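# Examination of the molecular architecture
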Amino acid sequence: MTTIVPGSASQSLAAALARELDATLAVPTFDRFPDGETLAAVPQFDDDSAIVVAATVSNDAHIELLQLADAVCEAGATTVTVVIPYMGYARQDRAFNDGQPVSARAVAAAIDTAADRVVLVNPHEPSIASFFSTPVETVDAAAHLAEPLPDALTDPLFLSPDAGAIELAETVRDSYGQGETDYFEKDRDYDTGAVDISPSDATVEGRDVVLVDDIIATGSTMSEAIAVLRDRGAAGVYVTCVHPMLANNALAKLSAAGISAVYGTDTIERSVSEISAAPAIAAVLRS
Ligand code: R5P
């Protein structure tokens, strides 16, 4: 048997995964050492195999993941799988300026020390896997992103806000069963964070548009795209993503720009996480 150990930011997803795999769900504790450091702990368990499920949505969550993976070894697990539903720092996959680190590589090296197997869900770039020396499998949750969409979208267009996410848009269209796909061109100023969107030629007037991306972080990309689509007369603008980070005021930005609805998965547990990545993760873990 396997015990599933949730990080504090992945409790619902870990529970769903335990149901999918008919595994035991551990109840860790999340405390603070007297000097303020994080201190996660796992109750004793009898299984040889442990699966730590922890989205690394914050610096504390990174440390928690390392502590939980170490704690399950202390508790006697001989095989440790680390499922990282959302891997923080993955977007820092290169040094953008002189003197900067490749942060994704640095955090991967730390996780390597604790894991026998790593599972990532829609990492920002496939190359992230190469930063680990532990075997890595990736899960594609995109096929589930169409689940909450209304059944009767009008002449739907599935659009990614940049060329890098066009395959996601195609997967969502295929799952939905009908519609065209296209993408915008995006330029981001990495110093200011400002995003500039260049519209495609696709006709959007009177159509329902589904914007698809891997992550909504600050919401700058999506709010720019929504504004362009509203200007051009789109009927409804639905937004769906794998990782709804929705940092700071992102949800308000999207609402103010004029969305009809926003959906995400539970790789990051937010109010919009209507879609569970658990079935897709379970399929990879079973393989
Ligand atoms: C970038 O390549 C990603 O696919 C997302 O478009 C981006 O990270 C979203 O970031 P934000 O919400 O901050 O614009």
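By the assigned domains, the protein chain splits into domain 1 (2–141 + 277–286) and domain 2 (143–266). A separation of 28 Å is found between the C-alpha centroids of domain 1 and domain 2. If you look at the interface, domain 1 gives 17 residues, while domain 2 gives 14 residues. Summed over the three residues of domain 1 that lose the most area to domain 2, namely Tyr86, Asn122 and Ala141, the buried surface amounts to 38% of that side. Here domain 1 is connected to domain 2 by zero salt bridges. The interface formed by domain 1 and domain 2 includes six residue pairs in polar contact (both at pLDDT 80 or more). With three residues, helix H7 (residues 278–286) is the single largest residue contributor to the side of domain 1 that touches domain 2. A class-by-class count of the residues in the side of domain 1 that touches domain 2 yields 11 nonpolar, three polar and three charged.

On to the pattern of salt bridges. Going through the model one piece at a time under the given rule, you end up with six salt bridges. For arginine 207, the salt bridge identified is with aspartate 155, shortest N-O distance 3.2 Å. In this pair, arginine 207 is assigned in the loop between strand E12 (195–198) and strand E13 (208–216) and aspartate 155 in the loop between strand E8 (136–139) and strand E9 (157–160), connecting sequence segments 52 residues apart. One salt bridge in this structure joins arginine 173 and aspartate 174, with 2.8 Å as the shortest N-O distance. Through salt bridges that share partners, Asp155, Glu180 and Arg207 make up one connected network.

Take the sheet that holds strand E1 (residues 2–6) next. One open sheet accounts for six strands, arranged E2-E1-E5-E6-E7-E8; its pairing is parallel. Here the strands that pair on one side only, and so sit at the sheet edges, are strand E2 (24–25) and E8. Alignment of strand E5 (residues 49–53) against strand E6 (residues 79–84), held across five bridges, turns out to be parallel. Note that in E6 the partner of serine 49 across the bridge is threonine 79.

Neighbouring the ligand are 14 residues; Arg91, Asp213, Asp214, Thr218 and Thr221 lie closest to it. Measuring from an oxygen atom of the ligand, one finds a side-chain N or O atom of aspartate 214 at 2.6 Å. With respect to the ligand, the backbone of glycine 219 contributes an N or O atom lying 2.8 Å from an oxygen atom. Coverage of the ligand by the protein amounts to 90% of the 380 Å² it exposes when considered alone. In a pocket analysis with a 2 Å cut-off to the grid points, the ligand is assigned to the largest pocket. Only strand E11 (185–188), E13 and helix H5 (220–231) provide two or more residues apiece to the shell around the ligand. If one sorts the elements of the shell around the ligand by residue count, E13 sits on top with four residues.

So, how was this worked out
- Residues numbered from 1 in each chain as written.
- Predicted model: local features only at pLDDT ≥ 70, side-chain atom pairs only at ≥ 80, totals over all residues.
- Heavy atoms only, no water.
- Domains from an automatic or database assignment.
- Contact = heavy atoms within 4.5 Å.
- Buried area = accessible area lost by both parts, 1.4 Å probe.
- Salt bridge = Lys/Arg side-chain N within 4 Å of Asp/Glu carboxyl O.
- Polar contact = N/O pair within 3.5 Å; in protein donor to acceptor, adjacent residues only side chain to side chain.
- Helix = DSSP H or I, 4+ residues; strand = E, 2+ residues; numbered from the N terminus.
- Nonpolar A, V, L, I, M, F, W, Y, C, P; charged D, E, K, R; others polar.
- Pairing = 2+ DSSP bridges.
- Near = heavy atom within 4 Å.
- Areas by Shrake-Rupley, 256 points an atom, 1.4 Å probe, with all protein chains shown as cover.
- 1 Å grid on protein atoms, 1.4 Å probe; cavity = no way out; pocket = protein on both sides within 12 Å on 5 of 7 lines; lining within 4 Å.
- Sits in = over half its atoms within 2 Å of the grid points.

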